[in-house]
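Residues per chain are reported as follows:
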Amino acid sequence: PLNEYAIDLGSRAGRTYSKEELSHEIPMKLCDAWGLTRHSARTLAQVFSSYESILQHPLFVGWFCFLILEDEVEGLEEMDQDSAIARNNLISKIISIGIKSSLERREAEFSGSKDDPASDEFLRILRIFVAVAFHFDLTRPEQIYHHMKVYNLAGEISSSIRTSIEEHCGILFLTADNVEWTHRTIPELMYADFYFDHPEIHHWGPLKATSPVVSRLAQLTYENGAM
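To keep things clear, this report deals only with the structure shown in the data block. These figures come from a predicted structure and were not determined experimentally.

Section: the overall build of the chain
Move 1: Regarding its fold elements, the chain presents 10 helices and two strands.
Move 2: Helices and strands in the chain line up, N terminus first, as α-α-α-α-α-α-α-α-β-β-α-α.
Move 3: By residue count, 45% of the 227 residues in the chain fall in the buried class.
Move 4: Long-range contacts, defined as pairs at least 24 residues apart, comprise 61% of the intrachain contacts of the chain with a sequence gap of at least 6.
Move 5: Put simply, the chain shows about 11,300 Å² of open surface, and 48% of that area lies on carbon and sulfur atoms.

Side note on the packing of helix α5 (residues 83-105) against helix α9 (residues 185-197)
Move 1: Here α5 crosses α9 at 85°, and the two axes come no closer than 10 Å. Taken together, α5 and α9 sit at an angle that is classed as roughly perpendicular. Contacts between α5 and α9 involve Asn88, Ile91, Ser92 and Ile95 from the first element and Thr185, Ile186, Leu189 and Met190 from the second.
Move 2: Of the residues assigned to the contact of α5 with α9, the class counts are five nonpolar, three polar and no charged.

Structural notes on the environment of Glu104
Move 1: By the secondary structure assignment, Glu104 is in helix α5.
Move 2: Sequence separation of Glu104 and His168 is 64 residues, and the distance between their C-alpha atoms is 8.9 Å.

As for the packing of aromatic side chains
Move 1: Scanning the model with the defined rule gives 12 aromatic pairs in all.
Move 2: Members of the aromatic cluster, each reached through a chain of ring pairs, are Phe129, Tyr145, Phe173 and Trp181.
Move 3: Arg162 extends its terminal NZ or CZ atom over the ring of Tyr145, reaching a point 4.2 Å from the ring centre.
Move 4: Stacked on the ring of Phe134, the Lys or Arg Lys208 has its end atom at 4.3 Å from the ring centre.

The rules behind these values
- Residues numbered from 1 in each chain as written.
- Predicted model: local features only at pLDDT ≥ 70, side-chain atom pairs only at ≥ 80, totals over all residues.
- Heavy atoms only, no water.
- Helix = DSSP H or I, 4+ residues; strand = E, 2+ residues; numbered from the N terminus.
- Buried < 20%, exposed > 50% of the residue type's maximum accessible area, 1.4 Å probe, protein only.
- Contact = heavy atoms within 4.5 Å.
- Areas by Shrake-Rupley, 256 points an atom, 1.4 Å probe, with all protein chains shown as cover.
- Axes fitted to C-alpha atoms, helices over the stretch in contact; angles between N-to-C directions.
- Parallel < 35°, antiparallel > 145°, perpendicular 65-115°, else oblique.
- Nonpolar A, V, L, I, M, F, W, Y, C, P; charged D, E, K, R; others polar.
- Phe/Tyr/Trp six-rings, centres within 6.5 Å; stacked < 30°, edge-to-face > 60°.
- Lys NZ or Arg CZ within 6 Å of the ring centre and 35° of its normal.

Structure below.
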């Protein structure tokens with residue numbers, strides 16, 4: 001879960017951080033804030049130079065520590081020559097692993113495993129929820145559910161799925177009356193992934209073409225040999 005320190009770091013988008021802060025001070029503080037062992041912060045300090053191009057924001061640093069703890073860092077350096085793609089891959093990995101971890105930590109009904117039909121349905125609804133929220137600039141959960149129904153993306157959503165979306169996805173966003181993203185690129189990438197898999201959603205209107213959305217779609221197109 002994010003505390004006030006972590007949220008504050010995520011909101012200071014215009015701040016430039018020194019290498020010392022990113023490789024030593026901030027990892028320790030974020031590990032403490034998120035309840036992670038400091039071993040992951042010490043490991044990050046040792047490998048920081050290899051990943052410096054993508055570790056330019058405190059939340060990326062904190063998430064990287066999380067991946068170290070989960071033994072999921074391998075492969076991120078493969079796209080290191082292109083920092084935008086490397087950041088996309090880092091955040092995409094966090095989305096995939098972080099959702100499952102958040103559900104487990106909160107002892108949610110859904111495991112986050114794609115092998116479980118109920119969890120797979122939850123993940124499907126969650127991705128629609130994020131894509132709709134981003135495309136239509138919606139922040140209130142009830143508005144988002146309403147648009148999902150209007151556009152025939154989901155029928156009646158069970159209370160258990162709503163609870164897990166609104167209370168168990170802290171690695172992605174926080175909700176109360178409004179959705180608050182832990183980092184603005186999270187909904188952009190999830191929206192791009194959803195758009196790529198569901199091109200028929202052009203009836204939503206023009207693509208919301210932010211720079212991360214366009215770069216992610218270009219990456220997916222190239223990786224899938226669709227160019």
